[in-house]
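Residue-level listing of the chains:
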Amino acid sequence: MRVARSLRIRHYRGHGIHSPFAYGIARGICMHRRSLPRTGTVYSAVIKCGGSRREAGLVQALYAYAQCTECSIDGEPAVRPRDTQADGRAMEVATGIAAAEAASPYAYVTCLLAPARNREWYRYCRTAAKRHEGMGIDCRDALFLFRDNGLNREHLKL
């Protein structure tokens, strides 16, 4: 795991990232970890389910950046869409293997919190990233798996 951390430096500031969407996440969210949001509905819900402030800030910032309209954490709704007719983007946040396997396959983005928390969870997150057919972004504190046909199929480690 220590060697894997040192290999992340290649994408840290956006170098080598060819997707404008992923470049925006690297430059706008991951590089500004000290100025991540400390408020918000998603932020509060992640803190309440046991996430750290850094994880909660990353998830809240991505929720706003990806223009998601609803969010659920471990299968429980944290943010519901205002308009029930709206076809918005959904975010699923998982803190464990059971919640990750039960996540909706139709969510726009699935967030796996603290991928390096323990060996079993780390292996599950690594396998999930390999099997994922869309873009995956590992920000150390959270692993984001996007389901968008317009994004490149790649896995970035920031």
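Up top is the structure these notes are about.
Calculation criteria
Residues numbered from 1 in each chain as written. Predicted model: local features only at pLDDT ≥ 70, side-chain atom pairs only at ≥ 80, totals over all residues. Heavy atoms only, no water. Core = buried A, V, L, I, M, F, W, Y, C linked by side-chain atoms within 4.5 Å. Buried < 20%, exposed > 50% of the residue type's maximum accessible area, 1.4 Å probe, protein only. Helix = DSSP H or I, 4+ residues; strand = E, 2+ residues; numbered from the N terminus. Contact = heavy atoms within 4.5 Å. Pairing = 2+ DSSP bridges. Expected span 1.5 Å × (residues − 1). Arc of directions from axis to C-beta. Polar contact = N/O pair within 3.5 Å; in protein donor to acceptor, adjacent residues only side chain to side chain. 1 Å grid on protein atoms, 1.4 Å probe; cavity = no way out; pocket = protein on both sides within 12 Å on 5 of 7 lines; lining within 4 Å. Points joined across faces, edges and corners; volume = space filled by probe spheres on them. Nonpolar A, V, L, I, M, F, W, Y, C, P; charged D, E, K, R; others polar. Axes fitted to C-alpha atoms, helices over the stretch in contact; angles between N-to-C directions. Left-handed = near helix turned anticlockwise from the far one by under 90°.

**Student:** Which residues make up the nonpolar core, and what values go with them?
**Tutor:** Of all hydrophobic cores here, the largest spans 38 residues; its most connected members are Leu-62, Met-91, Val-109, Ile-137, Phe-144 and Phe-146. Secondary-structure elements contributing two or more residues to this core are helix H2 (20–28), helix H3 (41–48), helix H4 (53–65), strand S1 (70–73), strand S3 (90–94), strand S4 (109–113) and strand S6 (142–146). Beyond its immediate chain neighbours, meaning those up to four positions away, Val-109 contacts Leu-62, Cys-68, Ala-90, Met-91, Glu-92, Phe-144, Leu-145 and Phe-146. Counting residues in hydrophobic clusters, the runner-up holds ten residues, among them Ala-94, Ala-100, Leu-112 and Cys-125.

**Student:** Describe the pairing of S3, naming the residues involved and giving the relevant values.
**Tutor:** Remark: a regular strand shows side chains that alternate across the two faces of the sheet. Where burial is concerned, most of S3 is hidden: five out of the five residues are buried. Across four bridges, the pairing between S3 and S4 is parallel. By the bridge assignment for S4, Val-93 is matched with Cys-111.

**Student:** Give me the environment of Asn-152: which residues, what numbers.
**Tutor:** Mapped onto the elements of the fold, Asn-152 is located in the loop between S6 and strand S7 (155–157). Taking C-alpha positions, Asn-152 is 9.6 Å from Phe-21, a pair spaced 131 residues apart along the chain. Residues in contact with Asn-152, not counting those within four places in the same chain, are His-18, Ser-19, Gly-134 and Met-135.

**Student:** Any chance you could break down helix H6 (residues 119–131) for me, citing the residues and the numbers?
**Tutor:** An ideal rise of 1.5 Å per residue puts 18 Å on 13 residues; H6 measures up with 18 Å between its terminal C-alpha atoms. For H6, the complete set of buried residues consists of Trp-121, Tyr-122, Tyr-124, Cys-125, Ala-128 and Ala-129. Across the axial projection of H6, the buried residues extend over an arc of 165°, all falling on one side. The outward face of H6, more than 90 degrees from its buried face, is lined by the exposed residues Arg-119, Glu-120, Lys-130 and Arg-131. Its side-chain oxygen at 3.4 Å from the backbone nitrogen of Glu-120, Asn-118 defines the N-terminal cap of H6.

**Student:** Summarise the layout of surface pockets; cite the residues concerned and give the values.
**Tutor:** By volume, the second largest pocket is sized at about 230 Å³. Forming the boundary of the second largest pocket are 13 residues, of which Ala-100, Tyr-124, Ala-128, Leu-145 and Arg-147 lie nearest the centre. Contributions of two or more residues to the lining of the second largest pocket are made by helix H5 (97–101), S4 and H6. Ranked by the residues each element gives to the lining of the second largest pocket, the list is headed by H6, at three residues. Tallied by class, residues from the lining of the second largest pocket come to seven nonpolar, three polar and three charged.

**Student:** Could you give me a rundown of the packing of H3 against H4, with the residues and numbers involved?
**Tutor:** Following both chains from N to C, one finds H3 and H4 inclined at 150°, their axes separated by 8 Å at the closest point. With respect to the hand of their crossing, H3 and H4 are arranged in right-handed fashion. Seen from H3, the contacting residues are Thr-41, Val-42, Tyr-43, Val-46 and Ile-47; seen from H4, they are Arg-53, Glu-55, Ala-56, Gly-57, Val-59, Gln-60 and Tyr-63. Its residues assigned to classes, the contact of H3 with H4 shows seven nonpolar, three polar and two charged.

**Student:** I'd like a description of unusual backbone geometry, backed by residues and values.
**Tutor:** Its identity is not glycine, yet Ala-114 carries a phi of approximately 45°, on the positive side. Mapped onto the elements, Ala-114 comes out in the loop between S4 and H6. By relative accessible area, which is 16% here, Ala-114 ends up buried. Its identity is not glycine, yet Arg-140 carries a phi of approximately 70°, on the positive side. In this fold, Arg-140 is placed in the loop between strand S5 (136–138) and S6. Residue classification places Arg-140 among the partly exposed positions, given a relative accessible area of 38%.

It is worth stressing that arrangement in space is one thing and function is another; only the former is reported here.
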